[in-house]
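# Analysis of the macromolecular model
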Amino acid sequence: MGIMSDTAIRVNGLGKLYQIGAAREKGDGLRHALEGTVRKWGNRLRGRATPPEPTQEDFWALKDVSFEIKRGECVGVIGRNGAGKSTLLKLLSRITEPTEGEIGLKGRVGSLLEVGTGFHPELTGRENIFLNGSVLGMGRREIQAKFDEIVAFSEVEKFLDTPVKRYSSGMYVRLAFSVAAHLEPDILIVDEVLAVGDMAFQARCYAFFAKLVQSGVSILLVTHNLLALKDYCRRGILLVDGRKVDDGPVHFVLQAYKKIMEARIPVSRDIGDGRIYIEGIELNGLPAVNGVPLDAGKQAVFVIYIVVELQTLEVYCNLTLATPDGQQLIHLRNDVTGPLYDLSVGRHIVSVTLANVPLAAGVYSAQARIVSQNIATPVLYDSEPFLIEVSNNNLPSSLVCPYHFFQHTTVGKCA
Amino acid sequence: MRVISRRSRINLTVSGKMPSTPNIPLTAHDSYAAEEIVLRPGGNSRGYWTELWRYRELFAFLAWRDLKVRYKQTTVGVAWAVIRPLLVTVIFVTVFGRLANLPSPEGIPYPLLVLAGMTAWQFFATVMADGSNSVLSNANLISKVYFPRVIVPASVVVVAFADLLITGLMTLALMAWYGVLPPIQVLLLPGMILLALASALGVGFWLSALTVRFRDVKILVPFLVQFGLYVTPVGFSTTAVPERYHPFFALNPMVGVIEGFRWCLLGTGVVDGWVLPISVVSAVALLITGFRYFRATERQFADII
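Keep in mind that this is a model prediction, so the values were computed, not measured.

## Concerning the overall build of chain B
- For chain B, the helix and strand inventory stands at eleven helices and one strand.
- Scored against the burial criterion, the 305 residues of chain B give a buried share of 41%.
- Within chain B, residue pairs in contact and separated by at least 24 positions form 79% of the contacts whose partners lie at least 6 positions apart.

Set out below in C-alpha cells:
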C-alpha cells in the first residue's frame, strides 16, 4: 500500500478545442466534404499543395488545466455557464477526447452526467434496472446481487413490471438514482444530476455522496448549488473561460467565484449610445451596492435613477433577480402592467415595488435595464449587477416562496 | 497514510428500513492497485480488444433491449418477422417466376429459391436501414456515457440476425413441405452465415459512422436498399445474369451470400468460378474498411452528434 501513489485523478495540461461558427455548419455537409476531397486530389494531380483550409472560429472550451485529486477527496468544480465545467466532465468520462494534455484515472470510474441514462421508456422498471446498471458499468451478476437493495431504495416495488413510460417523474428519478447509487466506483464524476427531484431527494443524494467520500471514493462534482458545495466538498476548483483560475479550500474558491460574478460589470459601458444611463439604484432606501440586505417575505422597493440626454420615446425598464450563476428567477417589465415610457431630456425616477420578496435566504444578483422598442440597438443601458443578501426568515426553505395562505375549514363529521 | 477499506459498505439506509445484505466482494475493482487508464489526444488503441471484451455484457444488454422493444405494442408482434419476408416472397414469385418467367435451375421450386435469397437479403437490408441510424438514435447514450461505440451498430446486427434465424426456420419448414432435402454442403452453412455477418457488420459500421457526420446518408439509405434489391439475386438466380458479368456482379458481397445460402440449402447456387471468392474478398474488405472508418470517426461522435 505504501509504495502506491494515492492519486486517483491526474489531469495534465488538458485542453479541448471546438470549432464553432457558421463556417462549421457549412463545413459539415456531404457536399463540402466531397468538394474538399475533389479539390485536394485535383491539386495533387497537378502537383500542387492544397492550401490548408482557413481555420474556422477556434474555441478552446478548456485550456491548460492541470490538477490532481486524491483518493477519498470530494472536489467541487465551479464556474459560470460556459466556463468549461461540462467539457471537463465529458473528458473525464471519456465521452469525448482531449485535444491536448492527458488524464490519468485509477480505479473504476462511475460517471453520472444524467439520471437514468439509457432508460428505455418501453421497458419495465425491472428491465431498466439491468439496462441502466449495465450502461453505468455494472456486470449482470453484480446487478442481480444488488437487485433487491436497488428496488428497496427506489420504493417502486409495486411498479417493477410496469413500463417506465407510465411512471411519474418522481418514480422515474428515484429508480434511476437508486441504480446509480449502487454502483460502487473508485472515482465518481457527477454533473448537475441533483438539480432534478424534490428537496428530500436532493438531500438523500448528498447524504449518499457523503457516505461515498467516507468510504474512500474520489468525487468530482459540478453543481450550481453553492451551499451544497460548501457542505460536501473541502476543495474547489474554479474555472473561468476554460482555464483553472483557483484551486484550494472551497471557502476561498467560493469567495473568488463571487468576486468574478461581481466583476462582470463593464458590459454596461459597451451598450447603448449614451443617450440614457442609470445613475444609481436604491433598495428600500439603501444604495444598491453588493451585499445590500433584504428581508424575505417583506416589501422591497427598488428606485432607479435615470438620466436622459436625448429624448427617447417608447422605452421600457426591467428588473431582473437571478441566482449568482445567472439563472433568472424574477423578471419584471413596466410595459407588461402599464404603458411604455416616453422619456424627455432630464432626470427620471422609476420605482418597482415587490409586495413581498418570495426568495429563500441567500445571495441573489439584481440588475436593471432600459430597453427601447424602436431603435436598432434596443438595449439602451444595463445597470451594474449587484448582489442582494436575502436574510433568514420564517419562510420554508424552498428557493422560491410566493405570498400565500392556507385555509382550513371543518365541514362536519363523517357519516 | 490512511488505509481505506473498499469493502466498508456504503450504507444507503433510508429511514432505517433497508434490508441488510451481506458484503458483495467485487473483484473487478476491489483492488486499488488497478492500472491507471490514461486518456490522450488520438485515443489509446492499446488494449482496445480487451476493453471490447469487458463490455460484452453491455453489448448483450443493448441487443436484448433492441430485441425487446422491436415488436412492443404491435398487434402481430414477432409474427412480423415471418409475415414480411413471406409477403415479399409471394410478390417476387409472382413477378419474377410467373410474369417474367425467369428460370429456376434444376427444378427447384421457385418459392424456395426466392425465400432462401430473401432470408439473407432481409437481414442485410435491416442492417442497412437500422444500422445507419443506430448511432444517431443512441445519441443520448453516446453523449452521456463511455463505452466502445462499435457496440451500437453491432447490436443492430444481432437483432437483424434474430430475424434471419426466424426466416431461416421458415425456409426449412417450406423445404420440408416441398420435400426438398438439403444436400451435404448444408454443413458449410455456418460459413455462409459468417459471410453474411461480415458483410452486414461492414456496412453497418460504414453507414452508422457516415450518418453522424453526413445526415445526407439517412436520406440515401432507403434508396440504397431499393437499389440493392436490383443488383442482388433475391427474386431471381444469378444464372439470369450473363456469365461474363459474374465477377462484377459478385463484388456485391450479398451475391456470394445468397448464392451460398442456396447452394447449401438447395444444392443449386452459383458458387463456381469467381463468384464466391470475389464476394468473400469484398465482404472482408467491407468489414475491415468499415471498422477502420468507424474507429477513426468515433472519437468525434459526442462532439458532432
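From this point, the narrative continues.
## Quick notes on the overall build of chain A
- In terms of helices and strands, chain A carries eleven helices and 20 strands.
- When the 415 residues of chain A are sorted by exposure, 37% land in the buried category.
- Contacts spanning at least 24 positions in sequence make up 75% of the contacts within chain A whose residues lie at least 6 apart.

## Some remarks on the packing of helix α6 (residues 151-178) of chain B against helix α7 (residues 189-213) of chain B
Residues and elements named next belong to chain B.
- Viewed as axis vectors pointing N to C, α6 and α7 meet at an angle of 140 degrees, and their least axial separation amounts to 9 Å. By the angle between their directions, the pair α6 and α7 is classed as oblique. As for the relative orientation of α6 and α7, their crossing is right-handed in sense. Between α6 and α7, the contacting residues are Val-152, Pro-153, Ala-154, Val-156, Val-157 and Ala-160 on the first element and Leu-197, Ala-200, Leu-201, Gly-204, Phe-205 and Ser-208 on the second.
- Taken together, the residues of the contact of α6 with α7 break down into ten nonpolar, two polar and no charged.

## So, the nonpolar core
- By size, the foremost hydrophobic cluster in this structure holds 145 residues, and its most contacted members are Ile-219 of chain A together with Ala-200 of chain B.
- Once residues within four sequence positions are removed from consideration, Ile-219 of chain A is found in contact with Cys-74, Val-75, Leu-188, Val-190, Phe-209, Leu-212 and Val-213 of chain A.
- Residues Ala-288, Ile-306, Tyr-364 and Leu-380 of chain A belong to the second largest nonpolar core, which totals 25 residues.

## Some thoughts on the sheet that holds strand β3 (residues 74-78) of chain A
Residues and elements named next belong to chain A.
- Overall, mixed pairing links the six strands, which are arranged β5-β6-β7-β3-β8-β9 in an open sheet. One side of each edge strand has no neighbouring strand; the edge strands of this open sheet are β5 (109-112) and β9 (243-249). Within the sheet, the average angular offset between the axes of one strand and its neighbour, ignoring direction, is 15 degrees.
- Relative to β9, strand β8 (residues 235-240) runs antiparallel, the two sharing six bridges. Note on β9: the bridge partner recorded for Gly-236 is Gly-248.
- Strands in contact with helix α3 (residues 85-92) are β3, β6 (187-190), β7 (218-222) and β8; relative to β7, the strand with the most contacts, it is inclined by about 145 degrees.

## With respect to the sheet that holds strand β10 (residues 276-283) of chain A
- Taken together, the four strands give an open sheet; going across it, the order is β11-β10-β13-β17 (chain A), and neighbouring strands pair in antiparallel fashion. The sheet is open, and its two borders are formed by β11 (286-287) and β17 (346-354) of chain A, each paired with just one other strand.

## Side note on the domain arrangement of chain A
All names here are of chain A.
- When its domains are assigned, chain A resolves into domain 1 (61-262) and domain 2 (274-391).
- Distance between the C-alpha centres of domain 1 and domain 2: 37 Å.
- Listed per partner, the contact involves six residues of domain 1 and six residues of domain 2.
- Grouping the amino acids of the side of domain 1 that touches domain 2 by side-chain chemistry returns one nonpolar, two polar and three charged.

## Comments concerning the confidence of the model for chain B
Residue and element names in this part refer to chain B.
- Summary statistics for chain B give a mean pLDDT of 82 and a share of 86% for residues scoring 70 or more.
- Mean pLDDT in chain B bottoms out at helix α3 (residues 80-99), which sits at 82, and peaks at α7, which reaches 94.
- Within the model, pLDDT remains below 50 along residues 1-32, and this stretch shows 44 contacts once partners closer than five positions in the same chain are excluded.
- Here the prediction assigns the complex a pTM of 0.70, and the interface score ipTM is 0.78.

## Some thoughts on the environment of Val-270 of chain B
Residue and element names in this part refer to chain B.
- Take Val-270: it is sitting in the loop between α10 (253-266) and α11 (275-304).
- Sequence spacing of Val-270 and Thr-238 is 32 residues, and the spatial spacing of their C-alpha atoms is 6.5 Å.
- Among all residues touching Val-270, those that are not within four sequence positions of it are Thr-238, Thr-239, Glu-259 and Val-275.

## Description of helix α6 (residues 169-181) of chain A
- Across its 13 residues, α6 of chain A extends 18 Å between first and last C-alpha, which sits within 8% of the 18 Å expected from 1.5 Å per residue.
- Every buried residue belonging to α6 of chain A is among Tyr-172, Arg-174, Leu-175, Ala-176, Phe-177, Ser-178, Val-179, Ala-180 and Ala-181 of chain A, and all of these are buried.

## A short note on α3 of chain B
Residues and elements named next belong to chain B.
- In this model α3 runs 27 Å from its N-terminal to its C-terminal C-alpha over 20 residues, within 8% of the 28 Å that 1.5 Å per residue would give.
- Where α3 is concerned, the buried positions are Ala-81, Pro-85, Thr-89, Phe-92, Val-93 and Phe-96.
- Turning to α3, the residues buried within the fold contact α4 (110-137) and α6.
- Looking one or two residues beyond α3, the residue adopting positive phi is Asn-101, at roughly 55 degrees.

Cut-offs applied
- Residues numbered from 1 in each chain as written.
- Chains lettered and ligands numbered in written order.
- Predicted model: local features only at pLDDT ≥ 70, side-chain atom pairs only at ≥ 80, totals over all residues.
- Helix = DSSP H or I, 4+ residues; strand = E, 2+ residues; numbered from the N terminus.
- Buried ≥ 20, exposed ≤ 12 C-beta atoms within 10 Å, placed from the backbone.
- Contact = placed C-beta atoms within 7 Å.
- Axes fitted to C-alpha atoms, helices over the stretch in contact; angles between N-to-C directions.
- Parallel < 35°, antiparallel > 145°, perpendicular 65-115°, else oblique.
- Left-handed = near helix turned anticlockwise from the far one by under 90°.
- Nonpolar A, V, L, I, M, F, W, Y, C, P; charged D, E, K, R; others polar.
- Core = buried A, V, L, I, M, F, W, Y, C linked by C-beta atoms within 7 Å.
- Pairing = 2+ DSSP bridges.
- Domains from an automatic or database assignment.
- pLDDT = per-residue confidence, 0-100.
- Expected span 1.5 Å × (residues − 1).

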